[in-house]
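# Fold and contact review
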Amino acid sequence: MQSSGQLFVLSGPSGVGKSSLRENVRKKLPRLAYSISHTTRPPRHGEREGRDYHFVSEETFLTMRQGGSFVEWAFVHGNYYGTSADQLELQRRRAEDVLLEIDVQGARQVKMRFPHACFIFVLPPDRETLKERLLKRGTEEGDDLETRLENAMGELLEASWYDYLVVNDDLDEAVEALKTIILAAHYQREVVLPQVKDLLHLE
Ligand code: ADP
Ligand code: 5GP
């Protein structure tokens, strides 16, 4: 049976391991597409245009926003981030499963537009570990690091409305949990009923 693609939203505080989880789960589920966001944040060492993000100027971002180019957008840790409406529409037309890795503000906007999307929040085992991971990654320092640590607590408070909460302690275990959630989402009532409505004599 050909199932339609589903939308998955992955959120969690900076440094919790979202990118690591996403990269690892996509190796196990190669048909899971990833929506590459636009951002005004400068590229980190090793990040590539069009692979990690579309890196744009603030002027370009605001013009795109004004023109309705984003399904959702947010100002996070001092930079703008947004999901391209055209790209997402294309991926959904191809019936691909699409993963959005976005912050809690963006996730709320997606929830309004796509109430049946699957919302997954990644938690750290404890606060100290979160701080250690962010420090170890070494991509931010000074005020940028402080901002991310300060914002983490507010973001964690949003976890309570997500459908699934994954604690990223052991990475392999968390990847397995994420994979299980993504596979199980295809068997939800809202997803399967439209596909079997003839069988069940449903309108
Ligand atoms: P995010 O995308 O949420 O900001 P990253 O995936 O960049 O987080 O992870 C932050 C840092 O923590 C990276 O150095 C990554 O290698 C490390 N990391 C991620 N998950 C784990 C884990 N389960 N155990 C130990 N280190 C981890
Ligand atoms: P980073 O700068 O660490 O790559 O991302 C910072 C935060 O922005 C993370 O919480 C990440 O999930 C979020 N983010 C990345 N892309 C988007 C997006 O397109 N929209 C929203 N709302 N948040 C995003």
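Each value, and the rule that gives it
Here the residue numbers are simple positions, counted from 1 along each chain's written sequence. Throughout, the order in which chains and ligands are written sets their labels, letters from A for the former and numbers from 1 for the latter. Where totals are concerned, whole chains, interfaces and linings use all residues; where local detail is concerned, this predicted model gives features only for residues with pLDDT of at least 70, and gives and counts side-chain atom pairs only at 80 or more. Remark: hydrogens and water are excluded; side-chain values derive from all non-hydrogen atoms of the structure. Classification of residues uses two cut-offs on accessible area relative to the type maximum, computed with a 1.4 Å probe and protein chains only: under 20% is buried, over 50% is exposed, and between them is partly exposed. Working definition: helices are DSSP H or I runs of at least four residues, strands are E runs of at least two. Numbering for both runs from the N terminus. Two strands are said to pair when DSSP picks up at least two bridges between them. The contact definition used throughout considers only heavy atoms, calling two residues in contact when any of these lie within 4.5 Å.

## Section: the pairing of strand β6 (residues 79-84)
The side chains of a regular strand alternate between both faces of the sheet. Summarising burial for β6: six of the six residues are buried, a large majority. Both faces of β6 are covered, namely the face carrying Asn79, Tyr81 and Thr83 and the face carrying Tyr80, Gly82 and Ser84. By the bridge criterion, two bridges tie strand β3 (residues 38-39) to β6 in an arrangement that is antiparallel. Of the residues in β6, the one forming a bridge with Thr39 is Tyr81. Where strand β5 (residues 70-76) meets β6, six bridges bridge the pair, whose relative direction is antiparallel. Of the residues in β6, the one forming a bridge with Phe75 is Tyr80. In textbook terms, the turn of a hairpin is the stretch between consecutive antiparallel strands, and for β5 and β6 this stretch comprises two residues, one of which, His77, has a positive phi near 50°.

## Observations regarding unusual backbone geometry
Positive phi, normally seen in glycine, also occurs at His77, with a value near 50°. Mapped onto the fold, His77 is located in the loop between β5 and β6. Among the residues examined, His77 registers a relative accessible area of 15% and is labelled buried.

## Remarks on the side chain of His38
Secondary-structure assignment places His38 in strand β3. Overall, the relative accessible area of 11% leaves His38 in the buried class. In this view, His38 contacts His54, Val56, Phe61, Met64, Phe70, Tyr80, Tyr81, Gly82 and Ser84; residues no more than four positions away in its chain are not counted.

Purely spatial values, then, with no claim about function.
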